[in-house]
Amino acid sequence: MSDLLAFDRAHLWHPYTSALKPLRAYPVTGASGVRLRLADGRQLIDGMSSWWCAIHGYNHPLLNAALRQQLDSMAHVMFGGITHEPVVTLGKRLLEIVPRPLQHLFFCDSGSVSVEVAIKMALQYWQAVGRPQKKRLLTVRGGYHGDTFAAMSVCDPVTGMHHLFRGVLPEQLFAERPSCRFDAPFDPTSLEDFRRLIAEHEGEIAAVILEPVVQGAGGMWFYHPDYLRGVRELCHRHQVLLILDEIATGFGRTGKLFACDWAGIAPDILCLGKALTGGYLTLAATLATSQVAEGISASGGVFMHGPTFMANPLACAAANASLDLLLAGDWQARIRHIEECLKAGLEPARSLAGVADLRVLGAIGVIEMREAVDVERLQAFFVERGVWIRPFGRLVYLMPPYIIGDEDLGRLCEAMVAAAGGGHE
Ligand SMILES: *Cc1c(COP(=O)(O)O)cnc(C)c1O
């Protein structure tokens, strides 16, 4: 084990880390249900779903079986000139559950790539309909859309990577972060900045891109669905496409199957990823309306993207099994119950001196601290307490697998409250 850790430290890059002074990494040898097993035999209760993905927990017998079965027929074939049952089944299933106007699907490898694909679709659409000057993007502050270049350009300009790539990233338009809380009455003035920007720049804006209702890695912020409804109307009025990034929020996490369902609206382009395969394999999808797809394809146009592992059959089979599992159960009642447990379990943190805000929506519980946390120290504190929670910035949060039991959830909440109370210092 010390060999493994030494090689890892010396040669393997982890997310957002230094090659010289990496943060500590914990060796995991197995995962089952909501437990991660460490190499030293300790078991940790998973509060992260491996970055929003593992909604059914780990080592699930039905997902395992679906993958084994698919493996026996084929792991992968190219998607150029070939099609197969797993992708057709997945396409049909997704069209049954996403907002109806979305009718065309593009499968790719990861969330960031699906955002690139979405942006490309928007740009190609305006080129095809004869308005090539519409090529900028409008978004809001506090967003996160991935780490590739076009995606980075619409991440929050402060917490994102704009300072590293100034002059390289395209300069997009940023409205204020939607200030109206999810759980407060809607304040229409919160839309003013967005309204002004879209009106001033409509001739050059190809699309608005947003995470609906829940901003994830950009700040774990929940805003009012009426804001999203307002954005939808303004996009129609100013002839701007709306891209919704549901990579983090899709498949029930917020209490609706898709977060745009809170507002009852449909985007022109939708990005899905993360929980799509139940956390088994990397797969993402970009969906478009007939208007967008037909616009791009009118007068002989083709959509110019085609990744090597497009529509990988194994990943599609995992996604099909994950959707079966999700939709066969009463996921809504499950998420509502997790929400109640999170609300009750985290409430004691509200009055703590170091805590700036506490918010819960669906199966997401967030404690926002007044000061940035020491990630490595806090992580070690959590591991000591038998839980896996990875904070960032001033945010300590939970998004457990949907299958988690009350006792495990209670232990996650207790650890969060203890950490917020300074228990690790
Ligand atoms: C994680 C995430 C992405 C990027 O997905 P990757 O699979 O990591 O490339 C994009 N948008 C949102 C909202 C995400 O949460």
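Structure shown above.
Residues numbered from 1 in each chain as written. Predicted model: local features only at pLDDT ≥ 70, side-chain atom pairs only at ≥ 80, totals over all residues. Heavy atoms only, no water.

Peer 1: Is there a simple way to think about the overall build of the protein in this case?
Peer 2: Within the protein, the regular secondary structure consists of 13 helices and 16 strands. Against the 2.2 N^0.38 benchmark of 22 Å for 425 residues, the protein shows a C-alpha radius of gyration of 21 Å, consistent with a compact globule. For the protein, the spread of C-alpha atoms along the three principal axes comes to 60 × 55 × 45 Å. Within the protein, the fraction of its 425 residues that count as buried is 53%. For the protein, the share of sequence-separated contacts (at least 6 apart) that also reach a separation of at least 24 residues comes to 71%. (Helix = DSSP H or I, 4+ residues; strand = E, 2+ residues; numbered from the N terminus. Rg over C-alpha atoms; globule rule 2.2 N^0.38 Å. Buried < 20%, exposed > 50% of the residue type's maximum accessible area, 1.4 Å probe, protein only. Contact = heavy atoms within 4.5 Å.)

Peer 1: Help me understand the site of the ligand, please; the structure alone is not making it clear to me.
Peer 2: Taken together, the neighbourhood of the ligand is formed by S110, G111, S112, Y144, H145, G146, E211, D245, I247, A248 and K274. The contact in question runs from an oxygen atom of the ligand to an N or O atom on the side chain of S112, over 2.6 Å. Contacts to the ligand include D245, whose side-chain N or O atom sits 2.7 Å from a nitrogen atom. Look at the ligand: alone it shows 380 Å² of surface, and the protein chains cover 83% of it. Split into classes, the residues belonging to the shell around the ligand amount to 3 nonpolar, 5 polar and 3 charged. (Near = heavy atom within 4 Å. Polar contact = N/O pair within 3.5 Å; in protein donor to acceptor, adjacent residues only side chain to side chain. Areas by Shrake-Rupley, 256 points an atom, 1.4 Å probe, with all protein chains shown as cover. Nonpolar A, V, L, I, M, F, W, Y, C, P; charged D, E, K, R; others polar.)

Peer 1: Explanation requested: the packing of aromatic side chains in the structure shown.
Peer 2: When we look at a pair of aromatic rings, we describe it by the centre distance and by the angle of the planes. Summed over all chains, the structure comprises 10 aromatic pairs. Ring geometry for Y26 against W388: centres 5.8 Å apart, planes inclined by 80°, an arrangement best described as edge-to-face. Taken together, the positions of Y26 in the loop between α1 (2–11) and β1 (28–32) and W388 in strand β15 (residues 387–388) put the pair 362 residues apart, joining distant regions of the chain. No difference in accessibility class separates Y26 from W388, as the two residues are buried. Judged by centre distance (5.1 Å) and plane angle (85°), the rings of F182 and W262 are edge-to-face. A residue pair is termed long-range when its members are at least 10 positions apart, and F182 in the loop between β6 (173–175) and α7 (192–201) and W262 in the loop between β10 (241–245) and β11 (269–272) qualify at 80 residues. Residue classification places W262 among the partly exposed residues on the basis of a relative accessible area of 25%. One aromatic cluster is present, formed by F194, Y223 and Y227 through successive ring pairs. (Phe/Tyr/Trp six-rings, centres within 6.5 Å; stacked < 30°, edge-to-face > 60°.)

Peer 1: Mind showing me how you'd approach the environment of G306 here?
Peer 2: Tracing the sequence through the fold places G306 in the loop between α9 (290–297) and α10 (313–328). Along the chain, G306 and V117 lie 189 residues apart, while their C-alpha atoms are 9.7 Å from each other.

Peer 1: Honestly, the packing of helix α4 (residues 85–97) against α10 in this entry has me stumped. Any pointers?
Peer 2: Angle between the axes and distance between the axes: these two values describe a pair of packed helices. Contact geometry of α4 with α10 gives a least axis separation of 8 Å together with a crossing angle of 40°. Pair α4 / α10 crosses with left-handed handedness. Contacts between α4 and α10 pair P86, V87, T89, L90, R93, L94 and I97 from the former with P313, C316, A317, A319, N320, L323, D324 and L327 from the latter. Looking at the contact of α4 with α10 residue by residue, the classes come out as 11 nonpolar, 2 polar and 2 charged. (Axes fitted to C-alpha atoms, helices over the stretch in contact; angles between N-to-C directions. Left-handed = near helix turned anticlockwise from the far one by under 90°.)

Peer 1: How should the side chain of T17 be read in this particular structure?
Peer 2: Inspection of the secondary structure puts T17 in the loop between α1 and β1. One polar contact links the side chain of T17 to the main-chain carbonyl oxygen of H14, over a distance of 2.8 Å. Those residues in contact with T17 that lie beyond four places of it in its chain are P22 and L23.

Peer 1: Help me understand the sheet that holds strand β5 (residues 136–140), please; the structure alone is not making it clear to me.
Peer 2: Whether parallel or antiparallel, the strands of a sheet pair through hydrogen bonds between backbone atoms. The 7 strands lie next to each other as β4-β12-β11-β10-β7-β5-β6, forming an open sheet whose pairing is mixed. The open sheet terminates on both sides in strands that have one partner only, identified here as β4 (102–108) and β6. In this sheet, adjacent strand axes meet at a mean angle of 20° when their direction is disregarded. Together, β5, β6 and β7 (205–210) form the strand contacts of α7, whose direction differs from that of β6 by roughly 155°. Where α9 meets the sheet, it contacts β4, β10, β11 and β12 (284–289), and its direction lies at approximately 85° from that of β12. (Pairing = 2+ DSSP bridges.)

Peer 1: Any chance you could explain a nonpolar patch on the surface here in plain terms?
Peer 2: A grouping of M1, L4 and L5 is seen on the molecular surface, where their side chains present a nonpolar patch of about 270 Å² in accessible area. Checked against the element boundaries, L4 lands in helix α1. For L4, a relative accessible area of 47% translates into the label partly exposed. (Patch = residues over 30% accessible without salt bridge, like charges linked within 9 Å, V, L, I, M, F, W, Y side chains within 5 Å. Salt bridge = Lys/Arg side-chain N within 4 Å of Asp/Glu carboxyl O.)

Peer 1: Which parts of the structure should I look at to understand the nonpolar core?
Peer 2: Nonpolar side chains in soluble globular proteins tend to be buried together. Residues F194, V208, F251 and I389 are the most contacted members of the largest nonpolar core, which totals 132 residues. Apart from residues no more than four positions distant in its own chain, I389 is found in contact with M48, Q379, F382, V396, Y397, L398, L412, A415 and M416. (Core = buried A, V, L, I, M, F, W, Y, C linked by side-chain atoms within 4.5 Å.)

Peer 1: In this structure, what is going on with the pairing of strand β2 (residues 35–38)? I would like to understand it.
Peer 2: One face of the sheet, then the other: side chains in a regular strand alternate in exactly this way. Taking every second residue as pointing to the same face, the buried face of β2 carries L36 and L38, while none of R35 and R37 on the other face is buried. Both β1 and β2 contribute to a ladder of 4 bridges, which runs antiparallel. Residue pairing across strands places S32 opposite R35, the latter belonging to β2. In sequence, β1 turns back onto β2 through a hairpin of 2 residues, with G33 there showing a positive phi of about 60°. Two strands pair when backbone bridges link them, and β2 and strand β3 (residues 43–46) are joined in this way by 3 bridges, in the antiparallel orientation. In the strand pairing of β3, R35 is matched with I45. Linkage of β2 to β3, two consecutive antiparallel strands, is achieved through a turn of 4 residues, within which G41 is found at a positive phi near 95°.

Peer 1: How do you make sense of α9 when you look at a structure like this?
Peer 2: At 3.6 residues per turn, the α-helix brings residues three or four places apart onto the same side. Every buried residue of α9 is accounted for by V292, A293, G295 and I296. Along α9, the residues classed as buried sweep out an arc of 160° about the axis, all on the same side. Of the residues one or two after α9, S299 is the one with positive phi, at around 45°. (Arc of directions from axis to C-beta.)

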